[in-house]
Amino acid sequence: MAASKGLKILVGCKRVIDYAVKVRVKPDRSGVVTEGVKHSMNPFDEIAVEEAVRMKEKKLAGEAVAISVGPPQSQETLRTALAMGIDRAIHVEIPLAQLEKLQPIHVSKLLAKVCESEKPDLVILGKQAIDDDCNQTGQMLAALLDWPQATFASKIEPSQDSKQLRVTREVDGGLETIDVSVPAVVTSDLRLNEPRYATLPNIMKAKKKPLAKMSPDQLGVDLQPRQEVISVEDPPVRKAGAKVESVEDLVGKLREKGLVK
Amino acid sequence: MTSPPPQLRSQVIALYKNLLYMGRDYPKGYAYFRDRLKSVFLKNSGVKDPDQIKVLIGRGEFVIKELEALYMLRKYRALKHRYYEKDEATTSATTSSSDKKAPTKTQ
């Protein structure tokens, strides 16, 4: 090991329904259909993983650990992270029965507990998951740990002594640059980097990397839901348009609707 | 008939497996990709010249790079469309309005 071991990074990755899948709402409106649907790593978390791996490659980080809170299948997601270049993984297994009731507050509490034992210098999370779009976990984690937070990061530059991070944030209508001292929580935005593809040889190699399993009970976190999902609805369907034959037709139709006089 | 060196054979098999794995994410579906991949490999299965096999492996590796780029771009575009369309509209509106301003001044 080198004298300066660099930052220790913890990266969160969530297993979500693949971005390319057409999501269907369950007939009873209690949620969405997840059985037999392709899942993959949340794209914003992929960006977080990529950032950690890049910092490792630049020798800015010493160790990169991935963590996923989710069902047994989340291990596949963690394998993907390991294939991208993460050193080891932690899986906090949630029983399928409790999975639907799992909310960001629980995830952030679990992550905070793991941070107590892992003592990372930096936690990188995706800014939000593409399934529930909560955009809360990172912020809640920073609050629970009482660490500084830099959300929607599009650039992360550690200072010479790795005690500070200069983070460029995407805010409404522009960019904001802030300095945060480590340990800190950073959430990744879309333009932070372009994640690499986890190729088959790397997935195979990743199977040899360590993956530890934990349970919420072990971490002493209560998973009692704080919110209740009342109903999940499909987005409104776009109404079909109509073709008009001529300009006169168009004007006539517009007049009918009272859009032109 | 002389057969090509065995290490080339394993390279070709590895290439086929890697491509097959990537096909699972192909936009037109795995079956579409797999059928075409198989027919392309079958078409060149008669090639015995080691140099030509190397050229073909190189081409396969190029396809892997292309597919990686395609998947990355597709995902990036999908997310941008889903989460950033509004600010994209405002930025394009501001740029187009500033574009429009310039000619009106000259007029």
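Calculation rules
Residues numbered from 1 in each chain as written. Chains lettered and ligands numbered in written order. Predicted model: local features only at pLDDT ≥ 70, side-chain atom pairs only at ≥ 80, totals over all residues. Heavy atoms only, no water. UniProt positions renumbered as here; feature names shortened; annotations may be inferred. Helix = DSSP H or I, 4+ residues; strand = E, 2+ residues; numbered from the N terminus. Contact = heavy atoms within 4.5 Å. Buried area = accessible area lost by both parts, 1.4 Å probe. Salt bridge = Lys/Arg side-chain N within 4 Å of Asp/Glu carboxyl O. Polar contact = N/O pair within 3.5 Å; in protein donor to acceptor, adjacent residues only side chain to side chain. Nonpolar A, V, L, I, M, F, W, Y, C, P; charged D, E, K, R; others polar. Core = buried A, V, L, I, M, F, W, Y, C linked by side-chain atoms within 4.5 Å. Buried < 20%, exposed > 50% of the residue type's maximum accessible area, 1.4 Å probe, protein only. Disulfide = S-S within 2.5 Å.

- An unreviewed UniProt entry lists chain B under the name Electron transfer flavoprotein regulatory factor 1, with Macrostomum lignano given as the organism.
- Word for word, the UniProt comment on chain B under Sequence similarities (unreviewed entry) is "Belongs to the complex I LYR family."

- Chain A has the name Electron transfer flavoprotein subunit beta in an unreviewed UniProt entry, where Macrostomum lignano is given as its organism.
- In UniProt, chain A has this text filed under Subcellular location (unreviewed entry): "Mitochondrion matrix".
- A UniProt comment under Sequence similarities (unreviewed entry) is attached to chain A, and it reads "Belongs to the ETF beta-subunit/FixA family."

1. Details of the UniProt feature "domain: Electron transfer flavoprotein alpha/beta-subunit N-terminal" (unreviewed entry) in chain A
Okay, so step 1: In the numbering adopted here, UniProt assigns the feature "domain: Electron transfer flavoprotein alpha/beta-subunit N-terminal" (unreviewed entry) to residues 29–223 of chain A.
Okay, so step 2: With 33% helix and 30% strand, residues 29–223 of chain A has end C-alpha atoms that lie 23 Å from one another.

2. What to know about the interface of chain A and chain B
Okay, so step 1: The interface is formed by 23 residues belonging to chain A together with 19 residues belonging to chain B.
Okay, so step 2: For the chain A and chain B pair, buried surface summed over both sides reaches about 1900 Å², with 59% attributable to carbon and sulfur atoms.
Okay, so step 3: For chain A, the biggest contributors to the area lost against chain B are Tyr19, Leu190 and Tyr197 of chain A; these three give 41% of the whole.
Okay, so step 4: Remark: the boundary between chain A and chain B carries two salt bridges.
Okay, so step 5: Asp25 of chain B is the partner of Lys38 of chain A in a salt bridge, and the nearest nitrogen-oxygen pair spans 2.5 Å.
Okay, so step 6: Across the chain A-chain B interface, the total number found is nine residue pairs in polar contact (both at pLDDT 80 or more).
Okay, so step 7: Of all elements in the fold, only α1 (43–57) and α6 (200–206) of chain A reach the threshold of two or more residues within the side of chain A that touches chain B.
Okay, so step 8: Per-class residue counts for the side of chain A that touches chain B are 13 nonpolar, two polar and eight charged.

3. Things to note about the nonpolar core
Residue and element names in this part refer to chain A.
Okay, so step 1: By size, the foremost hydrophobic cluster in this structure holds 46 residues, and its most contacted members are Ile9, Val49, Ile86, Leu165, Val167 and Val186.
Okay, so step 2: When near neighbours in sequence (up to four residues on either side) are disregarded, Val186 contacts Leu122, Val123, Ile124, Leu125, Ala150, Ala153, Ile156, Leu165 and Val167.
Okay, so step 3: Among the nonpolar cores identified, the runner-up in size contains 25 residues, and Val65, Leu141, Trp147 and Leu223 belong to it.

4. Quick notes on the state of the cysteines
Disulfides are covalent bonds that connect the sulfur atoms of two cysteines.
Residues and elements named next belong to chain A.
Okay, so step 1: Taken as a whole and judged by the stated rule, the model has zero disulfides over all chains.
Okay, so step 2: Here Cys115 is not cross-linked by a disulfide; its sulfur's nearest cysteine counterpart is in Cys13, at 13 Å.
Okay, so step 3: Cys13 provides the cysteine sulfur closest to Cys134, a residue in no disulfide bond, and the two sulfurs are 17 Å apart.

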